[in-house]
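Tertiary structure, described
Here is what each chain is made of, one letter per residue.
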Amino acid sequence: MSLTLTPNISDPDGFYAELIGSQRELSEDDALRMNARLVLLLANHIGDRTVLSEAIRLARAPGG
């Protein structure tokens, strides 16, 4: 499996609005904790260490 980099979310605007809305009433610390939990839940769902490592590398890249 390789990391999908092409748009792959149905209703991306709706997803973004849901993601932002889910943090609306949270403090900055609580929003950071929620994001960390979300990352771990999605990483567990993906499961493939190669894909996860590639995602980490791309996320850390300048401008990524």
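That block above? That's the structure.
Our subject in this report is the structure included herewith. (Residues numbered from 1 in each chain as written. Predicted model: local features only at pLDDT ≥ 70, side-chain atom pairs only at ≥ 80, totals over all residues. Heavy atoms only, no water.)

Secondary structure summary: the protein contains three helices and zero strands in total. Relative to the compact-globule value of 11 Å for 64 residues, the protein shows a C-alpha radius of gyration of 13 Å, a clear excess of over 25%. Across its three principal directions, the C-alpha atoms of the protein cover 35 × 25 × 25 Å. Expressed as a percentage of its 64 residues, the buried residues of the protein come to 8%. Split by element, the accessible area of the protein, about 5700 Å² in all, is 58% carbon and sulfur. Computing the positive centroid from 6 side-chain charges and the negative centroid from 9, the protein places the two 9 Å apart. (Helix = DSSP H or I, 4+ residues; strand = E, 2+ residues; numbered from the N terminus. Rg over C-alpha atoms; globule rule 2.2 N^0.38 Å. Buried < 20%, exposed > 50% of the residue type's maximum accessible area, 1.4 Å probe, protein only. Areas by Shrake-Rupley, 256 points an atom, 1.4 Å probe, with all protein chains shown as cover. Lys, Arg positive; Asp, Glu negative; His and termini not counted. Charge placed at Lys NZ, Arg CZ, Asp CG, Glu CD.)

What follows covers the pattern of salt bridges. Inspection of every chain in the model, using the stated rule, returns one salt bridge. The residue R33 makes a salt bridge to D30 at a minimum N-O spacing of 2.6 Å. Separated by three residues within a single helix, R33 and D30 lie in helix α2 (residues 28–46), roughly one turn from each other. The exposure class assigned to D30 is partly exposed, which follows from its relative accessible area of 32%. (Salt bridge = Lys/Arg side-chain N within 4 Å of Asp/Glu carboxyl O.)

Residue placement: Q23 occurs in the loop between α1 (12–21) and α2. A polar contact of 2.7 Å, which involves the side chain of Q23, links it to the side chain of N35. Setting aside chain neighbours within four positions, we find Q23 in contact with A31, M34 and N35. (Polar contact = N/O pair within 3.5 Å; in protein donor to acceptor, adjacent residues only side chain to side chain. Contact = heavy atoms within 4.5 Å.)

With that settled, the discussion passes to helix α3 (residues 49–60). For α3, with twelve residues, the first-to-last C-alpha span of 16 Å sits near the 16 Å given by 1.5 Å per residue. Capping the start of α3 is the job of one residue whose side-chain oxygen sits 2.9 Å from the backbone nitrogen of T50: D48. (Expected span 1.5 Å × (residues − 1).)

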